Amino acid sequence: RRDSVNASPRVPHGRRMSIVRQERLLWTTLGLTAGALSFLDVRRSRWSSSSRLADLFPSPPAKQSPLPTDHPVFGANATQTFARTWNSQIDKTFGDITKYLSERNL
């Protein structure tokens, strides 16, 4: 019979972590930590180098005024033609699905 002071506490076999599993956990943790630190260092160096590079060049020119809203890029006729063409193609593509879903009240 063992002395209760010197006896190691018995841990069920299923709860004990093997040395191989401990090694995997250790190296996985170290690898993830190294990868995260490397990523953060690269990101920091990119930001600082782009900041230094931006300081070398003059600032961008002032914003130009936007196009007047009363002169559209495309005329009303072109917009209506595009809308009609778009809607007809959507009807051709999804017409059967729409019919099926409407028959089922979905």
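Residues numbered from 1 in each chain as written. Predicted model: local features only at pLDDT ≥ 70, side-chain atom pairs only at ≥ 80, totals over all residues. Heavy atoms only, no water.

## Some points on the overall build of the chain
The test is simple: Under the scheme used here, helices are H or I runs from DSSP no shorter than 4 residues and strands are E runs no shorter than 2 residues, and both carry numbers assigned from the N terminus. The rule is simple: take the accessible area with a 1.4 Å probe, protein chains only, and divide by the maximum for that residue type; under 20% is buried, over 50% is exposed, in between is partly exposed. Only the protein chains shown count as cover for residues, with accessible areas throughout obtained via the Shrake-Rupley method and a probe of 1.4 Å.
Each helix and strand in the chain was counted, giving two helices and zero strands. Within the chain, the fraction of its 106 residues that count as buried is 0%. Taken as a whole, the chain presents about 11000 Å² of accessible surface, with 61% of it coming from carbon and sulfur.

## A word on the pattern of salt bridges
To be explicit about the condition: We define a salt bridge as a side-chain nitrogen of Lys or Arg found within 4 Å of a carboxyl oxygen belonging to Asp or Glu.
Evaluated as defined, the whole model comprises one salt bridge. The salt bridge partner of R44 is D41, with a shortest N-O separation of 2.8 Å. Taken as a pair, R44 and D41 lie in helix 1 (residues 19-56) at a separation of three residues, close to a single helical turn. Of the residues examined, D41 reaches a relative accessible area of 39% and is grouped as partly exposed.

## With respect to helix 2 (residues 76-103)
Our working definition: In this scheme, the bend at a residue equals the angle between the axes fitted to the seven residues that finish there and the seven that begin there.
Along helix 2, the sharpest kink reaches roughly 65°, centred on F94. Trailing helix 2 by a residue or two, N105 shows a phi angle of about 55°, which is positive.

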